[in-house]
Amino acid sequence: MEKITTPHNDSLLTPNGDIDKKDLRRRDFLKFAGASAASLAILGLSSCKKDHDDNMDNGGKGLYFGSGDIAILNYAYALEQLEAAFYIQLVNNPYSGMTDMEKAFFTDIRDHEIAHREFFKVALGAKAISSLELNLSNINFSSRENVLATAKTFEDLGVSAYNGAGWLIKDPNYLLLAGKIVSVEARHAAWVRDMIDNGSFANQEVVDSNGLDVAKSPSVVLSAAAPFIKSKIDVSDLPTY
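Below or above, wherever it landed, is the structure these notes cover. (Residues numbered from 1 in each chain as written. Predicted model: local features only at pLDDT ≥ 70, side-chain atom pairs only at ≥ 80, totals over all residues. Heavy atoms only, no water.)

A few words on helix 6 (residues 172-196). Here helix 6 spans 36 Å end to end across 25 residues, near enough to the 36 Å set by a 1.5 Å rise per residue. Within helix 6, the full set of buried residues consists of Tyr174, Leu177, Ala178, Ile181, Val182, Glu185, His188, Ala189, Trp191, Val192, Arg193 and Met195. Between the side-chain oxygen at the start of helix 6 and the backbone nitrogen of asparagine 173 there is a gap of 2.8 Å, and the oxygen is on aspartate 171. (Helix = DSSP H or I, 4+ residues; strand = E, 2+ residues; numbered from the N terminus. Expected span 1.5 Å × (residues − 1). Buried < 20%, exposed > 50% of the residue type's maximum accessible area, 1.4 Å probe, protein only. Polar contact = N/O pair within 3.5 Å; in protein donor to acceptor, adjacent residues only side chain to side chain.)

A separate point is the side chain of threonine 150. If you trace the backbone, threonine 150 turns up in helix 5 (residues 144-166). Those residues in contact with threonine 150, other than ones at most four positions away along the chain, are Phe86 and Ile139. (Contact = heavy atoms within 4.5 Å.)

This part covers the packing of helix 4 (residues 100-124) against helix 5. Axis separation between helix 4 and helix 5 bottoms out at 14 Å; the angle between their running directions is 35 degrees. Seen along the crossing, helix 4 lies across helix 5 with a hand that is left-handed. On helix 5, the residues that touch Glu102, Phe106, Ile109, Glu113 and Phe120 of helix 4 are Arg144, Val147, Leu148, Glu155 and Tyr162. (Axes fitted to C-alpha atoms, helices over the stretch in contact; angles between N-to-C directions. Left-handed = near helix turned anticlockwise from the far one by under 90°.)

Running from amino to carboxyl end, helix 3 (residues 68-92) crosses helix 4 at an angle of 150 degrees, the nearest separation of the two axes being 8 Å. Considered as vectors, helix 3 and helix 4 are oriented roughly antiparallel to each other. The chirality of how helix 3 crosses helix 4 is left-handed. Grouping the amino acids of the contact of helix 3 with helix 4 by side-chain chemistry returns 14 nonpolar, four polar and seven charged. (Parallel < 35°, antiparallel > 145°, perpendicular 65-115°, else oblique. Nonpolar A, V, L, I, M, F, W, Y, C, P; charged D, E, K, R; others polar.)

What follows covers the environment of phenylalanine 86. In this structure, phenylalanine 86 sits in helix 3. Note on phenylalanine 86: relative accessible area 0%, which makes it buried. Separated by 27 residues in sequence, phenylalanine 86 and glutamate 113 have C-alpha atoms that sit 9.6 Å apart. Residues contacting phenylalanine 86, with those up to four places away along its chain left out, are Leu136, Ile139, Phe141, Val147, Thr150, Ala151 and Phe154.

Our focus in this paragraph is the side chain of glutamate 102. Within the fold, glutamate 102 resides in helix 4. On the basis of relative accessibility, which here comes to 4%, the residue glutamate 102 falls in the buried class. Setting aside anything within four residues of it in sequence, one finds glutamate 102 in contact with Tyr95, Gly97, Arg144, Trp191 and Met195.

As a further point, take the pattern of salt bridges. Once the charged atoms of two side chains with opposite charge are near each other, the side chains can pair. In total, this model carries five salt bridges according to the counting rule given. Note that arginine 117 is salt-bridged to glutamate 118, the shortest N-O span being 2.8 Å. Using a relative accessible area of 10% as the deciding quantity, one classes arginine 117 as buried. Residue glutamate 118 is classed as buried on the basis of its relative accessible area, which comes to 3%. (Salt bridge = Lys/Arg side-chain N within 4 Å of Asp/Glu carboxyl O.)

Any aromatic ring pair is given by two values, namely how distant the centres are and how the planes are angled relative to each other. Considering all chains together, one arrives at nine aromatic pairs under this definition. Consider the rings of phenylalanine 119 and phenylalanine 120, whose centres lie 5.2 Å apart with planes at 65 degrees: the pair is edge-to-face. A residue is classified by how much of its surface remains accessible, and phenylalanine 120, at 4% relative accessible area, is buried. Within the aromatic cluster, the residues linked to one another by ring pairs are Phe86, Tyr87, Tyr95, Phe105, Phe106, Phe141, Phe154, Trp191 and Phe228. (Phe/Tyr/Trp six-rings, centres within 6.5 Å; stacked < 30°, edge-to-face > 60°.)

Our next topic: the nonpolar core. Within the largest apolar cluster, 55 residues are counted, with the highest numbers of intra-cluster contacts made by Tyr75, Phe86, Tyr87, Leu90, Phe106 and Phe120. Sequence-distant contacts of leucine 90, defined by excluding residues within four places in its chain, comprise Tyr95, Met98, Phe106, Phe141 and Val147. (Core = buried A, V, L, I, M, F, W, Y, C linked by side-chain atoms within 4.5 Å.)

In structure tokens:
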């Protein structure tokens, strides 16, 4: 497998934006998860019995996310697939006039999202849903305004998704890891918002009067993400409220 090294991340990526799984397990995953025994417990998922064979289209209902914590992790994995695909296409096809600073930051964000995506894929193992078929055709990647507006939508949605699903997670180890990821997503959201409108990184749209970030239920988040996801999905057993 051909590998390329990006200047902003020491992870080894293939040309299509994938991370070499062997390298992820040995290096990036250990750094990402903190290498603690509690964090690594999530890897036990890969040896568990599947809820549905191959997590494939189950009786025409779509890709089955599973139930309980497994469903929530697949929910996060689906959102990370969407974000990673968006930033991969953006970095590969930068809009006219993209500055070196913007390119560097978008490349960093791309690498973070790929790491998040591959983290969930490796951690879920046999219980991971298949790669989603996505629809980014309505995004004008040649327009800085449209790209930033879309990035804002995805980042704000991602942060609110983690915030909204956190209390539904039963295993504290998974909650710890979700907290590590949402903090990175919030940094992305703050930068994108400031690029659009300086000083808007923590306005009333995303932070309430108590200083708390917005939280959205999985059903609300998936409804907002639906126009970008072509694959049929079965989230019938996904915890929500």
